[in-house]
Amino acid sequence: MPSAEPYPVDALGLIIGEAAKVIHKTVGAPIALVGQSLLAAASLAAQHLVDVEIDGRREPISLWCMTVAESGERKSAVDKYALRTHREHEKDNLKTYNNEKQIYEMEYKAFQANLRAVSKPKRSKPEVSVLQNLRGLGAPPDPPLVPLLVISSPTIEGVHKQFINGLPSLGLFNDDAGDFLGGHSMNAENRTKTAAGLSRLWDSGEFDRVRAGDGAEKHFGKRLALHLMLQPIIAESILSDEVLSGQGFLARCLMCWPESTIGSRGYVEVNISTDPHMLRYWHAVTLLL
């Protein structure tokens, strides 16, 4: 492998770029790894708000990133700071969801009881049809959306199901992506199906489900951001995989393989949680979410 080119951190702008420099200086991870993490996290925060228009073509702004780094490059530490606000936002929404789910379950049981009652015609009012009773009852209550924002090792069916039952914007982020790339979704039998399904989301944000058991449906306006961090031994097999290369999965990823900083860094006594550049980045993400 040739030496890695310098990562264009200044091109990330004031908010993301300055936060990247702070994390790089404090954590000691390669600046390219930090930049990739923040760029992908920013895509997740913004992808549900706007699309991009290029020569008349309207496309999602969802970014897919893939970063190759040895164990010990502090991938998890960087990911923790990049996705800190996302995870807090998700955690708060899950608390609200649990309360809303309890209310929904009570309302649904009440609806089912009323449905059984009005489904039987009354002898005292034979002129009132069951259909009239059902129309008077109205539609069943809608369940609350499952507010998952960040997932790590899903199947393509799981991604589709989450889009149906949850938010229209998701992030597939994994700081040790060997369990995803080497798991059920990407084994020899499922690799083509998974890669094609994910690629379609990157292209247009659409997917369809046609099943013998639960009918046919089609969904639009879904957004998927992605950042997979993987060790070199995993990367070598993934980058040489003919299915992922020929299908176009790898071509949709911003690839980064920075030089290691292991052995060249010391402990920096800085509380990154109070740094003004980090606070500005987290505030910007909060507003977008």
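Everything in this summary refers to the structure shown in the same document.

The rules we used
All residue numbers refer to positions counted from 1 along the written sequence of the respective chain. Where totals are concerned, whole chains, interfaces and linings use all residues; where local detail is concerned, this predicted model gives features only for residues with pLDDT of at least 70, and gives and counts side-chain atom pairs only at 80 or more. Side-chain metrics in this entry use all non-hydrogen atoms of the structure; hydrogen atoms and water are not considered. By the criteria applied, helices consist of DSSP H or I runs no shorter than four residues and strands consist of E runs no shorter than two, each listed in order from the N terminus. A 1.4 Å probe rolled over the protein chains alone gives each residue an accessible area, and that area as a share of the maximum for its type sets the label: buried under 20%, exposed over 50%, partly exposed in between. For this analysis, residues touch if any pair of their heavy atoms sits within 4.5 Å. Each accessible area is a Shrake-Rupley estimate made with a 1.4 Å probe; only the visible protein chains count as cover when residues are assessed. Note on charges: Lys and Arg go in the positive column, Asp and Glu in the negative column, and His and the chain ends are not counted at all. Throughout, a charge is located at the NZ atom of Lys, the CZ atom of Arg, the CG atom of Asp or the CD atom of Glu.

**Looking at the overall build of the protein**
For the protein, the helix and strand inventory stands at 11 helices and 9 strands. Judged by the C-alpha coordinates and their principal axes, the protein covers about 85 × 45 × 40 Å. Considering the protein as a whole, with its 289 residues, one finds that 39% of them fall into the buried category. Expressed as a percentage of contacts within the protein between residues at least 6 apart in sequence, the contacts between residues at least 24 apart total 71%. When the accessible surface of the protein is summed, it comes to about 15,900 Å², and 54% of that surface belongs to carbon and sulfur atoms. Computed over 31 positive and 34 negative side-chain charges, the separation of the two mean positions in the protein equals 10 Å.

**Comments concerning the environment of Arg58**
In this fold, Arg58 is placed in strand S2 (residues 57–60). C-alpha separation for the pair Arg58 and Asp203, spaced 145 residues apart in sequence, amounts to 10 Å. The contact partners of Arg58, leaving out residues within four places of it in the chain, are Asp51, Val52 and Glu53.

**A look at unusual backbone geometry**
At Asp55, a residue that is not glycine, the phi angle is positive and equals roughly 50°. Tracing the sequence through the fold places Asp55 in the loop between strand S1 (51–54) and S2. Overall, Asp55 belongs to the exposed group, its relative accessible area being 72%. In this structure, Arg74 is a non-glycine residue whose phi angle is positive, near 65°. Secondary-structure assignment places Arg74 in the loop between strand S3 (64–68) and helix H3 (75–82).

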